[in-house]
Amino acid sequence: MQKRALGNALKGASIAALIAAASLMPPAPLNAADSRGTPVIQVAASEATSRFVPLGIGKSVAIDLPADIKDVLVADPKIANAVIRSSRRVYIIGVAVGQTNLFFFDAEGKQIAGFDVAVTRDLNGIRGALRALLPNADIRVEGLGDGVILTGQAANPGEAQQAFDLAQRLAGDNKVTNAISVRSRDQVMLKVTVAEVQRDIIKQLGIDLSGSANFGSAVINYATSNPFSAVGQSLTTASNSVQMRNITTTLRAMERAGVIRTLAEPNLTAISGETATFVAGGEFPIPAGLSCDTTKSPPVCQAQIDFKKFGVSLVFTPVVLSEGRISLKVLTEVSDLSSENAITLQVPGSNQSLTIPSIRTRRADTVVEIPSGGSLAMAGMIQEQTKQQINGTPGLMQVPILGALFRSRDYINHQTELMVLVTPYVVRAVAQKELSRPDDGYADPIDPQTVLLGRLNQVYGGTKQAEVKKSYRGNYGFVLD
């Protein structure tokens, strides 16, 4: 066993020595023959040793080579061509859009140089137009096949958009890729004031007659109840009745006047090019369907409820075009619940009814260009609606003076004025100490102030006032003479 182990060790040591000797030997050249005398294949020219050369269609470049040219290879003469005027100078000419490569060899067949040529459309016209339009912008124009790539930096999104629009107009649609980065993205604060005043006046006057009249042996019974069709119903159930002999006269008169004032001032801040949304309002439920479990007796039904939004909403997208110029896309909406056009539904399985109100909406959607700090009236709408109807007994209602006993008058006047003011500002961040809160200076009153003076809070002139007194001092009570 010891002899066998010693033999294995010697064999392993001899193999390791052979591997080490082989690693120290110099490698055989590529064009050397193997043990059987067969030449080894060698790559004479490839893209790994080529230089990139961009060209435009119809443009050329002159290249000086370090050795005399004996042979030239052009992969695709339809893309680019090589013209040799001397033994060491060559001209490469762009023919059509595409990519190809060229290789140059000396008299011994060795590669002198190789070029990877990319022929694109001529971009000097686009470069010149961009330099004339935006002289201070660092925008580069590169070609890729039949397309154009815009790179570099612009001062604001407006310059980037102008460069893209110009390149797209010169190069054609869907051939321009915008990769321009913006150095600084401005922030825009939008101050919107929504002011609306509504004024409603309703007047109703009606006279109803009931009774009987005897004309000899003939007795005529009559009863008139004139409706108020403009409003749809009488504003009051109270009435004054006067009875003269067999005739009862009922007077129904009502006048209503109301004013509604709506004011909202939402403020939003967004980065240039981004969208900001503001909603101040609520949601009200409406039935969207009815699902019933028919496996039970009687069936158990449950209403499906959807919620509709109402209130004041604001959506805007600002784009800072240049210093002091802002392109603004604004969508503002004011909606509230209204009894007009409301519907009444009967609740299944009960005697109850459900009234669903309608939503009255005022909306403005526009794109404007305005300077920072400037105001614009987006929507100024004055609307006035008047409805008047007279109902009565035919013939008798036209009788002068006495005809008022046989007719009713219903009058409605609805006036609305809506104004939306928009003011954008280019803003910067401020320190927290420069800001104030709505509750600055607020403190709960002490018990004597609440009980004796009826105060709900202590009011101060500013936030930097002295510390609040913790007890009430002074004269209080009643003086009786």
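Our subject is the structure listed above.
Procedures and definitions
Residues numbered from 1 in each chain as written. Predicted model: local features only at pLDDT ≥ 70, side-chain atom pairs only at ≥ 80, totals over all residues. Heavy atoms only, no water. Helix = DSSP H or I, 4+ residues; strand = E, 2+ residues; numbered from the N terminus. Contact = heavy atoms within 4.5 Å. Areas by Shrake-Rupley, 256 points an atom, 1.4 Å probe, with all protein chains shown as cover. Salt bridge = Lys/Arg side-chain N within 4 Å of Asp/Glu carboxyl O. Axes fitted to C-alpha atoms, helices over the stretch in contact; angles between N-to-C directions. Left-handed = near helix turned anticlockwise from the far one by under 90°. Nonpolar A, V, L, I, M, F, W, Y, C, P; charged D, E, K, R; others polar. Pairing = 2+ DSSP bridges. Phe/Tyr/Trp six-rings, centres within 6.5 Å; stacked < 30°, edge-to-face > 60°. Buried < 20%, exposed > 50% of the residue type's maximum accessible area, 1.4 Å probe, protein only. Core = buried A, V, L, I, M, F, W, Y, C linked by side-chain atoms within 4.5 Å. Polar contact = N/O pair within 3.5 Å; in protein donor to acceptor, adjacent residues only side chain to side chain.

Looking now at the overall build of the chain. Within the chain, the secondary structure is distributed over 4 helices and 22 strands. For the chain, restricting intrachain contacts to residue pairs at least 6 apart in sequence, the fraction spanning at least 24 positions comes to 63%. Accessible surface, the chain: about 32500 Å² in total, of which carbon and sulfur atoms supply 53%.

It is worth spelling out the pattern of salt bridges at this point. Using the criterion set out here, one finds 10 salt bridges in the structure. D68 is the salt-bridge partner of R88, the closest N and O atoms lying 3.0 Å from each other. Remark: D68 occurs in the loop between β2 (60-64) and β3 (71-74) and R88 occurs in the loop between β4 (80-84) and β5 (89-94); sequence separation between them is 20 residues. In this structure, a network of salt bridges that share partners links the residues E196, D336, R360 and R362.

A separate point is the packing of helix α2 (residues 124-133) against helix α3 (residues 157-171). Direction vectors running N to C along α2 and α3 enclose 150 degrees, while the axes themselves pass 10 Å from each other. Crossing handedness for the pair α2 and α3: right-handed. On α3, the residues touching G125, I126, A129, L130 and L133 of α2 are Q162, A163, L166, A167, L170 and A171. Across the contact of α2 with α3, the residue classes break down as 9 nonpolar, 2 polar and no charged.

As a further point, take the sheet that holds β3. An order of β1-β7-β6-β3 is seen for the 4 strands of this open sheet, with the pairing classed as mixed. Since the sheet does not close on itself, it has two edges, and those belong to β1 (51-56) and β3, each with one partner. Strand-to-strand twist across the sheet, computed as the mean angle between neighbouring axes with direction ignored, equals 25 degrees. Pairing between β1 and strand β7 (residues 111-120): 6 bridges, direction parallel. Paired with F52 across the two strands is D116, which belongs to β7.

The next subject is the sheet that holds β5. Within the open sheet, the 3 strands sit side by side as β2-β5-β4. Their pairing is antiparallel. A strand with exactly one partner marks an edge of an open sheet, and here the two such strands are β2 and β4. Ignoring which end each strand starts from, the neighbouring axes of this sheet average 25 degrees apart. Judged from the 5 bridges that link them, β4 and β5 form a sheet pairing that is antiparallel. In the strand pairing of β5, N81 is matched with I93.

Tallying each qualifying case throughout the model produces 2 aromatic pairs. Judged by centre distance (6.0 Å) and plane angle (70 degrees), the rings of F104 and F115 are edge-to-face. With F104 in strand β6 (residues 98-105) and F115 in strand β7, the pair connects residues that are 11 residues apart, well separated along the chain. Of the residues examined, F115 reaches a relative accessible area of 6% and is grouped as buried.

Another aspect to go through is the nonpolar core. One finds L190, V192, V194, F316, L328, V330 and V422 to be the most contacted residues of the largest nonpolar core, which totals 22 residues. Going through the elements one at a time, β12 (187-215), β16 (267-271), β18 (300-322), β19 (325-346), β20 (353-371) and β22 (407-427) are the ones with two or more residues in this core. Aside from chain neighbours lying at most four places away, what touches F316 is V188, L190, L268, A270, E274, T275, A276, L328, K329 and V330.

The topology assignment puts E196 in strand β12. According to the relative accessible area criterion, E196 is buried, its value standing at 1%. One polar contact links E196 to Q198, side chain to side chain, over a distance of 3.5 Å. Here R362 takes part through its side chain, which lies 2.5 Å from a polar atom of the side chain of E196. Among all residues touching E196, those that are not within four sequence positions of it are I260, R261, T262, V334, R360, R362, T416, E417 and L418.

This next bit is on the side chain of D336. As for its placement among the helices and strands, D336 is situated in strand β19. For D336, a relative accessible area of 19% corresponds to the buried category. A polar side-chain atom of D336 sits 3.4 Å from a polar atom in the side chain of R362. D336 has contacts with Q198, F310, S358, I359, R360 and R362, leaving out every residue within four places of it along the chain.

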